[in-house]
Amino acid sequence: MKHLVLAGGGHAHLEVLRQFGAQRALGHRLTVINPDRHSPYSGMLPGLIAGHYAWQQCHVDLGGLCDRAGAELVLAQVTSLDPETRTIMLDNGCTLHWDLLSLNTGSTPDLAAVPGAHEHVVPIKPMSGFLRAWAALLRSMPEGASRPARVTVVGGGAGGVEVVLAIHHRMQVEGFGRSAISLVTNELLPTYPPRVRHVVTHALDAARIDLLKGRRAVEVKPGTLHFASGPALPTTFTVWITGAAAPPWLARSRLATDARGFLTVDGSLRSVSHPWVLAAGDVASLASRPVPKAGVYAVRQGPALAEDLMRLLRDNPPIAYKPQRRFLSLLSLGERRAVASWGNWAVAGAWVWKLKDRIDRAFMRRYLREDE
Ligand SMILES: Cc1cc2nc3c(=O)[nH]c(=O)nc-3n(C[C@H](O)[C@H](O)[C@H](O)COP(=O)(O)OP(=O)(O)OC[C@H]3O[C@@H](n4cnc5c(N)ncnc54)[C@H](O)[C@@H]3O)c2cc1C
């Protein structure tokens, strides 16, 4: 009997567990390591912030999936791993030995580059930490509060745009309309077509969100954000959604990584240096064709990863995973509207939000028990 360890309850591992659960007898020992019993679905996070969804609607019951797959769920975080001795160390002091390891631990916003960020901002990931801070902010603002919040979102990519518009929408609904909200970014949606930037700029204007473009945050102090040039910005709640960074423990592991520190994998999602370690989602970097750090890739890699893990447990060669070239991007705009884009084509409206809502709910339904 082999011991397969799945580190991280990311999107790809949810699918692995679902498939293993459907097949019943895996015939091998299976352990899952994740800090929480529930896994957040990032596609619905902006809707949760905006108040369109309840917490349970956007979190997969990882514990339930583990039960159905016959896996032991260890509530902990990986702190280091040694691919030579096939051991993994956890923050609860335990060490696990494994035969086959799969990593799907995601990425975090890059805080290291800006002094003071660690101490004074709220990173969007881990999402559980962000959601606690957001709930505390809402609780601390009684209706008609005499001291309105100054909310700043740093990062003008897809996540930053969705989150700042969701925060604005929720503040309006809760009656905190006097709060000042800013979006700070080098560039707005640099990888998106002009039509999407136009729709988003219009939505930011209509919401009176202060868009500070061409700004590079260089330091965070209590209550102020400082830039390479221009005046500092007063801020009481600063959300950090800048480019994805790799977990520092990966750099210490001797596994081959790309220049940004993400685990380099081959076409079968196996480490190019240690093929008995696999990885999917944000933590992995495909050697043949790097793909953006987006949940859609983690989701699509799930079935291929499940198949490969099963084949490797049976000593069969793995199959190759082929990433899609483009994907349909759906950005929510705070209220129940969204903008869709595919290559250079883009369209916005309430019906786009309904489409996104249907897709997101269908994703969540896959991971419910049959009788739920
Ligand atoms: C606001 C927002 C909205 C987004 N919307 C979209 C969208 O609509 N579409 C899209 O494609 N992408 C979206 N993204 C990007 C998306 O969040 C990521 O690309 C995606 O979550 C990556 O999935 P993953 O499975 O690799 O990891 P994750 O979803 O981040 O899951 C990683 C899991 O591993 C756990 N973990 C982390 N570290 C450890 C550790 N050391 N030990 C054990 N467990 C650990 C975490 O708790 C988590 O459960 C969005 C991002 C943000 C911030």
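All figures in this text were calculated on a predicted structure; none of them were measured in a lab.

Each value, and the rule that gives it
- Residues numbered from 1 in each chain as written.
- Predicted model: local features only at pLDDT ≥ 70, side-chain atom pairs only at ≥ 80, totals over all residues.
- Pairing = 2+ DSSP bridges.
- Helix = DSSP H or I, 4+ residues; strand = E, 2+ residues; numbered from the N terminus.
- Axes fitted to C-alpha atoms, helices over the stretch in contact; angles between N-to-C directions.
- Buried ≥ 20, exposed ≤ 12 C-beta atoms within 10 Å, placed from the backbone.

## Quick notes on the sheet that holds strand β6 (residues 78-82)
Strand pairing in a sheet relies on backbone hydrogen bonds. The paired strands run either parallel or antiparallel.
Working step 1: Within the open sheet, the three strands sit side by side as β6-β7-β8. Their pairing is antiparallel. With one partner strand each, in any of the chains shown, β6 and β8 (95-97) form the two edges of the open sheet. Between one strand axis and the next, the sheet turns by 20° as a mean value, whatever way the strands run.
Working step 2: With three bridges connecting them, strand β7 (residues 87-90) and β8 associate as antiparallel partners. Within the sheet, the bridge partner assigned to Met89 lies in β8 and is Thr95.

## Let's talk about the pairing of strand β18 (residues 237-240)
Working step 1: Residues of β18 alternate between two faces, with Phe237 and Val239 on one and Thr238 and Trp240 on the opposite face, all of them buried.
Working step 2: Two elements, strand β11 (residues 122-123) and β18, share two bridges in a ladder whose sense is parallel. Looking at β18, one finds that Pro123 is bridged to Trp240.
Working step 3: Where strand β12 (residues 150-154) and β18 come together, four bridges link them in parallel fashion. Note on β18: the bridge partner recorded for Val151 is Phe237.

## Remarks on the sheet that holds strand β16 (residues 224-227)
Working step 1: Read from one edge of the open sheet, three strands run β15-β16-β17, paired in antiparallel fashion. Of all strands in the sheet, those with a lone pairing partner are β15 (217-221) and β17 (233-234), marking the two edges.
Working step 2: Direction of pairing for β16 relative to β17: antiparallel, over a ladder of two bridges. Opposite Thr224, over in β17, you have Pro234 as the bridge partner.

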